[in-house]
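Letter by letter, the chains look like this.
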Amino acid sequence: MPVLPADSGSVARAAELLRRGGVVAFPTETVYGLGALAFMPEAVARIFEIKRRPHFDPLIVHVLDETMLSRVVASIPSAARLLADRFWPGPLTLVLPKSDEVPELVTAGLSTVAVRMPSHPVARALLAATGAPLAAPSANLFGSLSPTRAEHVAAGIGDAADLILDGGPTEHGLESTIVAIEGTAELLRPGAIEIEAIEAIVGPLGAAGASAYSAPGMLPHHYAPATPLRLIDPVTVPMLDRSRAAALAVRDQFEGYAVSRRLSAGGDLREAAARFFETLHELDALALERIDVQPIAESGLGQAMMDRLRRAAATFGL
Ligand code: TXA
Ligand code: MG
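As the structure is a prediction and not an experimental result, all values here were calculated from the model.

Take the pattern of salt bridges next. When the charged atoms of two side chains lie near each other, side chains of opposite charge can form a pair. Per the counting criterion, the structure on display carries 18 salt bridges. With a closest N to O distance of 3.1 Å, Glu16 and Arg20 form a salt bridge. Note on Glu16: relative accessible area 30%, which makes it partly exposed. A salt bridge links Asp307 to Arg311, with the shortest nitrogen-to-oxygen separation between them at 2.7 Å. Placement of both Asp307 and Arg311 in helix α10 (residues 301-315) is noted, with a separation of 4 residues, approximately one turn of the helix. Residues Asp307 and Arg311 agree in their burial class; the two are buried.

Judged by nonpolar contacts, the single largest core of 66 residues is most densely connected at Leu34, Leu92, Leu94, Leu126, Leu165, Val179 and Ile181. Contact partners of Val179, with chain neighbours within four places excluded, come to Leu83, Leu92, Thr93, Leu94, Val95, Ala185, Glu186, Ile198 and Leu205. By size, the runner-up hydrophobic cluster in this structure holds 26 residues, among which are Val250, Leu301, Ala304 and Ala313.

Moving on, we get to the domain arrangement of the protein. According to the domain assignment, the protein consists of domain 1 (3-207) and domain 2 (229-315). At the junction of the two partners, domain 1 supplies 19 residues and domain 2 supplies 17 residues. Of the roughly 1500 Å² buried between domain 1 and domain 2, counting both surfaces, carbon and sulfur atoms make up 57%. Summed over the three residues of domain 1 that lose the most area to domain 2, namely Leu145, Leu174 and Pro190, the buried surface amounts to 36% of that side. Where domain 1 touches domain 2, the interface holds 3 salt bridges. In this structure, Arg308 engages Glu175 in a salt bridge whose closest nitrogen and oxygen atoms are separated by 2.9 Å. At the boundary of domain 1 and domain 2, one finds 7 residue pairs in polar contact (both at pLDDT 80 or more). Within the residue set of the side of domain 1 that touches domain 2, elements represented by two or more residues are β10 (184-189) and α8 (195-202). Here the residues of the side of domain 1 that touches domain 2 are counted per class, giving 7 nonpolar, 6 polar and 6 charged.

Bringing helix α2 (residues 41-51) into the picture now. At 3.6 residues per turn, the α-helix brings residues three or four places apart onto the same side. Buried within α2 are the following residues: Ala43, Val44, Ile47, Phe48, Ile50 and Lys51. In the core, the buried residues of α2 are packed alongside β3 (33-37), α5 (104-107), β7 (134-135) and α7 (150-157). At the exit of α2 stands Arg52, carrying a positive phi of roughly 55°.

Rules of the game
- Residues numbered from 1 in each chain as written.
- Chains lettered and ligands numbered in written order.
- Predicted model: local features only at pLDDT ≥ 70, side-chain atom pairs only at ≥ 80, totals over all residues.
- Heavy atoms only, no water.
- Salt bridge = Lys/Arg side-chain N within 4 Å of Asp/Glu carboxyl O.
- Buried < 20%, exposed > 50% of the residue type's maximum accessible area, 1.4 Å probe, protein only.
- Helix = DSSP H or I, 4+ residues; strand = E, 2+ residues; numbered from the N terminus.
- Core = buried A, V, L, I, M, F, W, Y, C linked by side-chain atoms within 4.5 Å.
- Contact = heavy atoms within 4.5 Å.
- Domains from an automatic or database assignment.
- Buried area = accessible area lost by both parts, 1.4 Å probe.
- Polar contact = N/O pair within 3.5 Å; in protein donor to acceptor, adjacent residues only side chain to side chain.
- Nonpolar A, V, L, I, M, F, W, Y, C, P; charged D, E, K, R; others polar.

Structural data, given as structure tokens:
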């Protein structure tokens, strides 16, 4: 599987592969995506195969600009317009009424489409070179840790992609925030844009419908490393055997663990989020018995990280 540094030559090559129905991994400002032309269902089908992703879980469509957006959505409610004007290009995904042109496979048969206008220069160059919207989920196997580096993509999906564009580590390190606009704005997934910043524009967000399937990918078991992960505060729990375990916290470090990692010595949540998946990948690679993660205060990006951690812990029933 070729991994190429992202430059004008490799981006042109990627665009050519995509036009022929290929699947290409590329960096965005959130995590790496695994892309295919959204209007080419045979290519999109390969994304599901490579990720081993169930077909009921719809994909995010990436657009370069308003012209591309207008091919993907049927309408733009006023609350969506406000959010798009404020946060695009950037790590916000809006769930909007789909246009007829978007294949059912992309949206898992829903009448809505998740769409986002990325800011990453490589993602934008690729969209400009293909001239067409790209359907792209995160470039990891279904249910596993999201990739924030080209190396994570290569390790996870191996040879399956036709090309991996290496643009270095991603800026935010967490997936986009997903908001559905159906009458009112509803939060489907906390992510790289703080909920507080979104609510400052459109008012209080409704909670995602009790059904996990309103954002089908938001299954209770997700984002999991191979190593059992539990959310537990090492400060307050008794010293269970730590010698074969790793600890992870935003600012604290703990005695007795095989390794204890902090995400930001200064307690900066942006820095912590940017290193979040990357550090989990590193700890997972140590193949220890357990990863103990200290719960994170749930405001701002802390909410998005806790969302991922709960799903990871649930995978192990921990
Ligand atoms: O930052 C991101 O959003 C990254 C980059 C690559 O853009 N993409 C990403 O995609 O995280 P993925 O597939 O891993 O997560 C997309 C989520 C899934 O939970 C999916 O169920 C939900 O978006 N989704 C997609 N279309 C939807 C729709 N029409 N209605 C509700 N949820 C939808
Ligand atoms: Mg994902």
